[in-house]
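Chains, contacts and geometry: an overview
Residues per chain, in single letters:
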Amino acid sequence: MGSSARNGSGIGRALRAPVEGRTWRELGYLLLGLPLSTLYFSLAITGVSLGAGLLVTFLGVPVLAGVLAMCRGFGRLERARVRGMLRHDIAEPEPVRAKKPGLLPRMGALLKSGSAWRHVLYSVIHFPWAVFSFCVALVFWTYGWAMLLYPLWFWVFPAFTDQPGLQLFQNGENYTFYLDSPLAIVVTAVVGLGLTLATPWIIRALTTVDRVLISGLLGPSRLAHRVSELESDRGVMVDTAAADLRRIERDLHDGAQARLVNLAMDLGLAKEKLAEDPRAAARMVDEAHGEVKIALQELRDLARGIHPAVLTDRGLDAALSSVASRCAVPVRVAVELPGRPAAAIEGIAYFTVSELLQNVSKHAMARTASVDVWKSGERLLIQVSDDGRGGAGALAGSGLAGLAERLDAVDGVLVVDSPAGTGTTVTAELPWRTA
């Protein structure tokens, strides 16, 4: 049943492809590409040749800068055309920034811009490809529909010409073959149907090459993309650090600090009552002693939340076992590492497991859980599983989404597999770095 449904869907998709809006948009993109590419090629070649020839004088510099700026304008048009007609989003390339204000620094920045020269290269090399794709798309499209609809218009030949049908070939003056018999007409229509059904996929293959060219030459460079990622990751790390500082400040202010203030007041009152009522003073000192123990425990918990001593002293195995012992459900911990990773990676791994086990305790309704940590290649892998209710997801604003952002800031990955009713498995991947 499933296979038949899939086959039926594939056949239906193939039959719809020649008349789909996507096919018409892609055909229009290829047909429009030739005149635009001819314009780009002509202006780019003329401008670069003129600028290079004038470099013996100062006039060549502004001419080349103008050509580069013009080609960047062509790039904006092409990116807009791809977005509108191919529904493919191309990011804007890195802007040209001059170190100083003024026309000359701006021209110098253009001449040194790799992005601007890639736009010139696109204007040159896209022209032969545009000619090829225009011809192929137009020929297949025209011949396919003309042959498919031949039974509807073959009567034009005997009605308005001296031919009985479309002439296929002629062997000298002795023999001429016409598509005029019923069998020839049917075969022509069948061949036309095959060409018509194949044309959308040929067009999509041609536009795929255009997508690759535009992404590679008119989009941001890999270096610029990487810099953008690092800037975004740095922002996430700064926000995370600020949130952690606010949490620590709040915990100190609302917890240990408030308790120590009350302790100081109680000891002051006990000091005043020491001479008048020693028993009451002793009772107050005893209560203050209990407050000290609670404050010390809160400070230990706070220190453990910042960076536990057991992680520094004994590594991930002991630290994760300590976290697992505080979980609301039994947790099996298995750590198989050839050594200790860098302290930063070790800390991120510890807090990742800690937060995931907190989610298990609070939300999973699980009976058991497990933590597995191992090294694969140059990556540190962490997997936390439970047999709870499932249904978890890294949705925007959720704790798992925040955890995924933290991992992404260090080139890490978080994958959540949580079908409803079958438990949750969260896999985290971090780069393996040694101290």
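Whatever comes next refers back to the structure up there.
Described below are features of the structure shown in this document. Since the structure is predicted, the reported quantities are computational estimates derived from the model, not experimental observations.

This part covers the overall build of the protein. Within the protein one finds 14 helices and seven strands. Going through the 435 residues of the protein one by one, you find that 34% of them count as buried. Taking contacts inside the protein between residues at least 6 apart in sequence as the whole, the part at least 24 apart equals 69%.

Judged by pairing direction, the sheet is mixed, and its five strands sit side by side in the order β3-β4-β5-β7-β6 without closing on themselves. Each end of this open sheet is capped by a strand with a single partner; those strands are β3 (331–336) and β6 (413–417). Neighbour-to-neighbour, the strand axes of this sheet turn through a mean angle of 10°, independent of strand direction. Here strand β4 (residues 369–376) runs beside strand β5 (residues 379–386); their pairing, made up of eight bridges, is antiparallel. What sits directly across from S370, in β5, is S385. Its contacts with the sheet place helix α12 (residues 316–325) against β3 and β4, and it is angled at close to 170° to β3. Of the strands in this sheet, β3, β4, β5 and β7 (424–431) touch helix α13 (residues 343–364), which is tilted by about 10° from β5.

For the structure shown, the criterion picks out ten aromatic pairs. With centroids separated by 4.8 Å and ring planes inclined at 75°, the aromatic side chains of W24 and W141 adopt a geometry described as edge-to-face. Remark: W141 occurs in helix α5 (residues 114–148) and W24 occurs in helix α2 (residues 21–53); sequence separation between them is 117 residues. Of the residues examined, W141 reaches a relative accessible area of 11% and is grouped as buried. A ring pair is formed by W141 and W145, whose centres lie 6.0 Å apart and whose planes are at 55°; its orientation type is tilted. Taken together, the residues W141 and W145, both in helix α5 and four residues apart, mark about one turn of the helix. Connected via pairs of aromatic rings, a cluster forms that spans Y150, W153, F154 and F157. In this structure, R81 is placed above the aromatic ring of Y29, and the distance from its NZ or CZ to the ring centre is 3.9 Å. Against the face of W201 rests R204, its NZ or CZ located 4.6 Å from the ring centre.

Our next topic: the pattern of salt bridges. Evaluation of the coordinates by the stated rule reveals twelve salt bridges. For R204, the salt bridge goes to E26, with nearest N and O atoms at 3.9 Å. Highlighted residues: R204 in helix α8 (residues 182–217) and E26 in helix α2, separated in sequence by 178 residues. The residues R204 and E26 share a single accessibility class, namely buried. Three or more residues are tied together by salt bridges with common partners; here these are E20, R22, E26, R204 and R211.

All right, on to the environment of V292 then. Mapped onto the secondary structure, V292 falls in helix α10 (residues 278–306). Of the residues examined, V292 reaches a relative accessible area of 30% and is grouped as partly exposed.

Not every positive phi belongs to a glycine, and R87 is a case in point at roughly 55°. Along the chain, R87 falls in the loop between α3 (60–86) and α4 (103–111). Owing to a relative accessible area of 54%, R87 belongs among the exposed residues under this scheme. Phi is positive for M365, which is not a glycine, with a value near 55°. Within the secondary structure layout, M365 lies in the loop between α13 and β4. According to the relative accessible area criterion, M365 is exposed, its value standing at 65%.

Let us now look at empty space enclosed by the protein. Throughout the structure, instances matching the rule amount to one cavity of 30 Å³ or more. At the level of elements, α2 and α5 are the ones that each hand at least two residues to the lining of the largest cavity. Top element by residues in the lining of the largest cavity is α5. It accounts for four residues. By residue class, the composition of the lining of the largest cavity is four nonpolar, three polar and two charged.

On the surface, a nonpolar cluster with roughly 690 Å² of combined accessible area is contributed by L149, L152, W153, W155, V156, F160 and L166. With respect to the secondary-structure elements, L152 resides in helix α6 (residues 150–153).

Cut-offs and rules
- Residues numbered from 1 in each chain as written.
- Predicted model: local features only at pLDDT ≥ 70, side-chain atom pairs only at ≥ 80, totals over all residues.
- Heavy atoms only, no water.
- Helix = DSSP H or I, 4+ residues; strand = E, 2+ residues; numbered from the N terminus.
- Buried < 20%, exposed > 50% of the residue type's maximum accessible area, 1.4 Å probe, protein only.
- Contact = heavy atoms within 4.5 Å.
- Pairing = 2+ DSSP bridges.
- Axes fitted to C-alpha atoms, helices over the stretch in contact; angles between N-to-C directions.
- Phe/Tyr/Trp six-rings, centres within 6.5 Å; stacked < 30°, edge-to-face > 60°.
- Lys NZ or Arg CZ within 6 Å of the ring centre and 35° of its normal.
- Salt bridge = Lys/Arg side-chain N within 4 Å of Asp/Glu carboxyl O.
- 1 Å grid on protein atoms, 1.4 Å probe; cavity = no way out; pocket = protein on both sides within 12 Å on 5 of 7 lines; lining within 4 Å.
- Points joined across faces, edges and corners; volume = space filled by probe spheres on them.
- Nonpolar A, V, L, I, M, F, W, Y, C, P; charged D, E, K, R; others polar.
- Patch = residues over 30% accessible without salt bridge, like charges linked within 9 Å, V, L, I, M, F, W, Y side chains within 5 Å.
- Areas by Shrake-Rupley, 256 points an atom, 1.4 Å probe, with all protein chains shown as cover.

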